[in-house]
Structure formats: structure tokens, C-alpha cells
Amino acid sequence: MDKVTLELKQKRFEVIEALLKENNPDTANKLVSMIDEYLVSAFAIKVPNKFQEKIAIIGLDGYGRKDQCIHSDVEIIFIFEEPIPNEAENIIDSIIAPLWDAGFSPRYSSIYKGTLLDFSQIEFEQVISFLYSRFICGFINIFLSCKEPFKNFIKLKSDKIINWIFNKNKERHERFGDATYLLEPNIKESQGCFRDYHSILSIAKIKFNLNEPRDLEYYGYLSHEEFNTLSNAILFLFVVRNHLHNIAGRKLDQLHFDHQLKIASILGFEEEFGQKPVERFLGLLHSNMEYIKHYYLIISDKVLKHETEFSSKDLKINVEGLKIYKNELNFSSLESVLNNPYLLLRIFLESAIYQIPLSHEAKRIVKEFSYLINKENRDSQESVFIFQQILEIIAPKYNVLNEMLNTGILVRIIPEFETLVNRIQYNDYHIYPVDKHSLRTLRIIKLFGTQYDVSGQELCSNLYKELNNKAELFWAGLLHDIGKGASKSDHSTCGATIAANILERKGYDREYINTVTFLIKKHLFLAISATRRDINDEETAVFCGREIKDIKFLKMLYLLTVADSIATGQKAWNSWTASLMKGLFFKTLNMLEHGELSSENSVIVIENKKKEVLSLISDVDEKKKIEKLLNVVTDRYILYTDLEDIIEHINLFFWIMPNNFVFLIKTCEDINLRTVTVCAKDKAGLLSQIAGAFTLNSINILDVQVNTWKNGIALDVFTVTAPLDILYENEKWDKVKQDLSLIIKGEINIYEEIFNNILIKKVGFPITEMKPRKVVIDTKISSFYDIIEVHINDIPGLLFTITNTLHKCALDVKIAKIATNVDQVVDIFYVTNEYGEKFSSNEELDSIKASIEIELNYLENYLKSI
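Definitions and cut-offs
- Residues numbered from 1 in each chain as written.
- Predicted model: local features only at pLDDT ≥ 70, side-chain atom pairs only at ≥ 80, totals over all residues.
- Heavy atoms only, no water.
- Pairing = 2+ DSSP bridges.
- Helix = DSSP H or I, 4+ residues; strand = E, 2+ residues; numbered from the N terminus.
- Axes fitted to C-alpha atoms, helices over the stretch in contact; angles between N-to-C directions.
- Contact = heavy atoms within 4.5 Å.
- Parallel < 35°, antiparallel > 145°, perpendicular 65-115°, else oblique.
- Left-handed = near helix turned anticlockwise from the far one by under 90°.
- Salt bridge = Lys/Arg side-chain N within 4 Å of Asp/Glu carboxyl O.
- Buried < 20%, exposed > 50% of the residue type's maximum accessible area, 1.4 Å probe, protein only.
- Core = buried A, V, L, I, M, F, W, Y, C linked by side-chain atoms within 4.5 Å.
- Right-handed = clockwise from strand over helix to strand, strands pointing away.
- Expected span 1.5 Å × (residues − 1).
- Arc of directions from axis to C-beta.
- Polar contact = N/O pair within 3.5 Å; in protein donor to acceptor, adjacent residues only side chain to side chain.

(A) Seen up close, the sheet that holds strand β4 (residues 134-138). The strand order across the open sheet formed by four strands is β3-β2-β1-β4, and the pairing between neighbours is mixed. Because the sheet does not close on itself, it has two edges, and the strands there are β3 (105-112) and β4. Across the sheet, the axes of successive neighbouring strands diverge by a mean angle of 25°, strand direction being ignored. When strand β1 (residues 55-59) meets β4, the two strands line up antiparallel, connected through four bridges. Within the sheet, the bridge partner assigned to Ile-58 lies in β4 and is Phe-135. Packed onto the sheet, helix α4 (residues 88-101) meets β1, β2 (73-80) and β3 and runs at close to 160° relative to β3.

Pasting the structure below:
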């Protein structure tokens, strides 16, 4: 490496170190300046005299704009006055090579000026790149002679270029998503990030003939406050992007979870108001991305013509102080707002009624004058009346509450909502910030039974139509997470108290308030009960019925639960959780309608089911064998197993005779799930062995129903995720069967295999942000079983470790369920001791908990060490 390259590398290192330390845009200019200085020097030394007046070196894109991040591409073009000579390649390589060697990422090209000026060949992507062209060195007349024709071309094609920009942005937004709704955004490409800002600048140059970002303020396209807000937002993203590049050691724009933790620490965020440092960092990041998105839409509004279902000529608005112009709502004048502050609310009501947007100017006025909605009038009769109407209007295509949130007026009406704004929950369970999630939950509720219903359940449509007063449910949907801004633990109970204060302040009666607060307090109850309890157990339905008490409350709570789960994400709502919740709903509804089931009713159901099975058998000898078999299966099995499944399981039993076990694999309604029924000769630790075989083959278990018959046969029904490679699914299941056979025969030591060969492959498994695990044993909810809950981060080998520990403790697992609790999993086990009885003493409980803790501690430490 020559002296020039070494000096360039050292200088780059020093500038980047200062840039990361100071977070100052002026330091970023130093990075650009040092590249400029190098190119000027290299040009003078390495370009022969005969070419010095025939070449111009031009900076493009980020390098041209002087907003270079530390690992961004350095965009350079060499423009030749004459057709490119043969010597050009060697000249350019000699200039570019030291940049590579010094750690930069130059992207360069060369072009003959005549080709460049043939605009019939130029693509719009190149046009945008040239918008930010900046002369670096060489013969400036070459650059100047290109600039004027380029400006004329831009002027001639401005509309087409701008439409191209908007279309490209639309495609990009669809591909990379809206950053304000994403927990791992691409901070360059997602909506609300750098590309949107660059589009603002490009449109300003093309449409408004502006040269500098500051011209947006100077010429009145943005107010002084708006421009400063936008500039600060871009500066923050610039700082984040530089640290992201530095941590990754390369150009990287996807802000992954592990990078978020590091950047939050580097930027000095601390825990405050119950939020982790990383959550506070992400909250500020989302707030800034919201600003960028907002100002991109402002510029879009000024350029694009809005298309709505109505022409402005067709619309008449009879609200004094409001007007419709070019299919947008606006205020007649500032004086009308000052004289009647309720117009700040009323404009949103009219927007919802007519399904037309507020103009940019109207949004600006709402933001600047939102202080007029204050403590004295936010809870007045007129204010409550207008907001209640907004809450109740179903607007599938235009979500007015989102605009109320973005303009700040929603927080003026409900100040408590401010604690939710851009509040991030750092996990991959919730895919939206809390404020967006709350509005999304409400929107899903309001669209039940319409063509926009995303639940996919006719049940939701029917229950929704039955409700006489839907507004109570709307309030519950809006405020169900209001406690998350005030409580670190039980946000449901805290939220119910906050909601009661809000509604009482707004003049609602006690019965109305009690309904809303009940729904908020219990909004997690059905989901938790369905995913963590045995819904086939009569006692689960009894327990839920006693908690809910009222059929109306059950129906409303089910709708809120479904909407909340869908708005949370796929880990909370999928076909599996949907079927569990639907099943629990009907069982609880039946209990509330007919009272608690009696053992006498159960006996009748069991006997009738046995008769149905036998009625399907015509052969006398076969019927006798099956009748004998039905007398050794448990009553619980007969009671809660479908008739078709019973027949199928009987066939499995007869197939098992020459084998250790038989497998039956079926595809569920959700194509990503499978039901695996294992019929085997029962033995101690069988469940743990089966779980181990699944673990060896990366099959995730969601639910297990364990049935042990009196004849020594175990029939275990697993609900599992499908193998990753569906094309080779049969081969994968063959491998699972083979492994299980070897495990049962003792030819595979499953414990050693998992710890020594499987987990060792999980090097780099993220054990950061480990939440404190918790082992809970419930001895009350079931009369026959004790329920062990293990709350822990989802780590490899977990289910095998727990079931193996329970086996060592001589516990018999009857039911196992795997649920998700935000960023942890909850493994639930219904167990008895070896005599089929519940625990008899606290000493037993403590001993079992201690054993589980020891094994889990070993597993976590082992994973951290590899």
C-alpha cells in the first residue's frame, strides 16, 4: 500500500471516529471534503497533461449532495469531452484503486459527453442521479456545457419524471413497508426514511426549481418550524445510519433487533418511565420517521391531483367555517377556527362522512392551533358528541383517527393517549407501535362483517351484528392498551382505571363505563385461557364462565380479543390460535347458557359415543375387539375426541402390534401446521423422547394431548409446525420416525445428541435481553391435575429439557401446550405424580420447581458458552 493510500486510510479513520463521536453534519462534510481533496490531487498527478482539459470528474447522488455516510457508495462519473480514449481505463483505475484500498466504496463510470447529451437514451434513474451532480475537478467547461441542456431536458420532461418518482416510491413503499409501522425498518428504503427525503429534494428541484433544502422554507413550501423539524429528523436518521454502518462494518440499512440494542446504548438512552433504553430510542426514531413521511406527503399533495370517489362539484358541506376545494377539506379562514375551536374536531367528522382528506394547509392549521382544544372544552358536550360520531363512523378506505393522531388532535381530546404515541415494545410479537396498534384494533372491530373483514370468521360477523351498542366496544378497542404508558406490569388493570377516568370525565354513565372497563381489564383473558389451558377440560369453560358471567360480555370480549390478536401480529393470531379461541368461546357460551355440566351428562355423552363407534362396525368379532378396547381408554379421551379421530386411533392401535410405535401425519386447516399422532407402547419418559426426536429435526411443537390407556398404550396427539422444506417433507418425517425408533431402542442417547450435536450448531443464537424466567405451579384451576407454567425466552432444546426434567421428577404429563407471551414462550404442562394424583405438599412443589430451574439454568449457560 503506497504512502498516499495509507494517508487516505488514516485520515478516513480519523474523520469517521470524529463523526461517530460528535454526531455532527459538519463532520460528515469532512468525509466528503477529504474525498474531494484526494480526487483533485490524484487528477493532477495521474491524468496526463494531454487529457487534463478533456476530462471532468463529477460527484453524484449522496456524494454529490454531500450527505455521505461512512459506508455509502461514493458515486463518481468521468465525463470525456471527446470519445473515450483507450488510455481511459488505466487512468481511471489508477485514481479509483486507492479509494478501494482506503476503505471507501466507489461506484464509478465513464461517458462521452456526446452520449450523455443524447437524452433520448437516458433513463429517469440516471436523471435523478444527475440532479445532484457536483463538479469535483478536471475541466469545468465540460460540466457546464452539460448542465444547461440537462436543465432544459428536465423542464421539458418534468411531469413525466415526477410521475416516475411517485410510481417508483409507491413500489418501494409496498416492498419495504411503512417505517412508522415496522420494528425492523430499512432506514434508507422504507416509507418515512431517506429515500422519501431525497424524493422531496428531487421534486423541489424539478417542479419548483429549488436548489438547496433551505429553499423549501424560503419559498414557503414548509414553515420555519416544519423545515427545522424535518432537518432534525434527517439528522437523527443520518446519525443512526452511520452507527449502523459502523457496527456492521459495511453498508447496511436494515435496522435489526440486535443493532437496535447497540445503537441505543451508544447514543446514551437510559431506562425511563418503564421503557427500556432501546424502546426509548425506537420511539424517537419512529417519531422522526413519522415527520419525514408526513413532509413527503405534504410535497406530494402540492404536486399530485387527488383522486376521490366524488368530484368537488358534487359535494356540498353545510358546516360554517369549512369548505371543499379540489376534493380536499379546508377551513374557510383562520378567523373561523379562532372563533369556533370545535371546527378542529368537526373537520375530521366531515372527512369521515365524505371520505375525503384534509388539505395540507388544513393539517398545518390543526397542528398549529390544536392548543385551542384544551382542558376547558375537550370534555364538553359538543366535543364528546363530535368525537363519538367519529368513533362510530365506519370508513373502510380512509382512517380519520390516524390523521387525528398524526396532527396531535387525538392527544388533545384524550391526553392520556400521549404515553402511547410512538411507544415501542421491543419484541417480535407486537409488530406495531402501541398507538398504531390501538387504532388498528379499533379499525378491525369496525370492519367486522364488511367486505374488508380480515378475521375470516363468520362468527365475528354474526356476533358484531348482534350488538345493540357497538360504541362501548369501540371505546374498549381504542383504549385497551392505554395502561401500557403507565404500568410496567399489569397494563390491563391499570388501563381499566385510566379508561374509567377518561369516560367519567366525558360524562358517560356508570353502566357504560363498567362495560368498557371490564373489556379492557379482561382483554387478554380469553387469549391466555385458550392458549395456556386445556380447552377440552370442562373446568376451563367453568373457570372462564365464572370470570365473565354475562353472555353479552363474552361476545364483546371475543370480538375485542380477535381484533387485538390480529392487530398484534402472526404470533398472536394464526389459524391455530383462532381455532383455540373459537373453541373456548363456544364451550364458555354453552356453560353460560346451560349452566355447569354435570358428571351425569358426561356419562351419557360417553356412552352414546361408544355406541356410535360400534354401530359403524359390521363384523361381529371385530366389534367385540373394539368394544373391549373402548373399555380400556379413558372417559376423558372418549368425551373430548371426535368420532372420526377415535376410529382412526383404533386402527393405529391394531397396527402397533408388531411395532414399537406408529405415526399418523395429517395436514391441518392451516397448511403450515401438522397433526402428528403417535401410538406407542407406553414407557417412562416417552413424551420426552418424542419431543427429542422432533427437536433433532427442527420440528416445533405447539400442543400435545397425552392419552394413556389402561392397556399400556400411549396415544399422543401433537400439533406441530410443518418442516421448513415442504418439497422434502416425506423424507423429513421418515427421518423423525427413524430417530424416534433408535431413541426408543436406546441406540441414540437423546440428551447427549441434543446438547453435543444439535445445540452446538446454534452458535450465535441471541441470548441478549434475556427476561427473567418464571416457573409457576397452579394447583387450583383443575381438580385432577396440577398445572406447571414455565415462562422463558424461546431457546433451542427447551421442550425436551423440560419434559426430560419432569420425567426425572416422576411426573406424568397429560397435556402440554406451548403459548407465546410477548417475547417469551410459556410451556404449560398438566401433570400428576406417578400414582395419578395431584401434589400433596408444598415441599413437593418446591422440589419440582427447583429441579426445573436447575436444568433451565444449565441450558441457558450452555447456549451462551458455545
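(B) Region of interest: the packing of helix α26 (residues 538-548) against helix α28 (residues 575-594). Their axes nearest at 8 Å, the elements α26 and α28 cross at an angle of 70°. As summarised for this structure, α26 and α28 are arranged roughly perpendicular, according to the angle between their axes. You can see that α26 and α28 cross each other, and the crossing is right-handed. Side by side, α26 and α28 meet where Thr-540, Ala-541, Val-542, Cys-544, Gly-545 and Arg-546 of the first sit next to Leu-584, Lys-587, Thr-588, Met-591 and Leu-592 of the second.

(C) Examining the pattern of salt bridges more closely. This model, assessed by the stated rule, comprises 42 salt bridges. Linking Lys-363 and Glu-403 is a salt bridge whose minimum nitrogen-to-oxygen distance equals 3.7 Å. Here Glu-403 lies in helix α18 (residues 400-407) and Lys-363 lies in helix α16 (residues 360-369), a separation of 40 residues in the sequence. For Lys-363, a relative accessible area of 9% corresponds to the buried category. Residue class for Glu-403 comes out buried when judged on its relative accessible area of 17%. Here Arg-378 ties to Asp-379 by a salt bridge, and the two come within 3.4 Å at their closest N and O atoms. Assigned by exposure class, Arg-378 and Asp-379 land together as buried.

(D) Local environment of the nonpolar core. Ranked by size, the top nonpolar core spans 101 residues in total, and within it Leu-39 and Phe-281 carry the most contacts. Those residues within four positions of Phe-281 in sequence are excluded, and the remaining contacts are Phe-236, Val-240, Leu-255, Gln-260, Ile-263, Ala-264, Leu-267 and Phe-269. In this structure, Ala-352, Leu-401, Ile-409 and Ala-578 belong to the second largest nonpolar core, which totals 98 residues.

(E) Broad picture of the environment of Leu-616. Along the polypeptide, Leu-616 turns up in the loop between α29 (599-615) and α30 (620-630). Apart from the residues within four sequence positions on either side, Leu-616 is in contact with Leu-643 and Ile-647.

(F) Just the pairing of β3, in detail. Examined bridge by bridge, β2 and β3 share eight bridges and lie parallel to one another. Bridge pairing in β3 places Ile-79 opposite Ile-111. This β-α-β element, β2 to α4 to β3, shows right-handed connectivity.

(G) Inspection of helix α24 (residues 510-521) at higher detail. If you check α24, its first and last C-alpha atoms are 16 Å apart, about what twelve residues at 1.5 Å a residue would give, namely 16 Å. Among the residues of α24, Tyr-512, Ile-513, Thr-515, Val-516, Thr-517, Phe-518, Leu-519 and Ile-520 are the ones counted as buried. Elements that come into contact with the buried residues of α24 comprise α17 (381-392), α22 (471-479), α23 (491-505), α26 and α27 (551-568).

(H) Up close: α30. Turning to α30, its buried residues number three or more, namely Ile-626, Leu-629 and Leu-630. Projected down its long axis, α30 carries its buried residues within an arc of 100°, all on one side. Of the exposed residues in α30, the ones pointing more than 90 degrees away from its buried face are Val-620, Asp-621, Lys-624 and Lys-628. Two to three positions downstream of the cap, the backbone nitrogen of Asp-621 sits 3.1 Å from a side-chain oxygen, assigning the N-cap of α30 to Asp-619.

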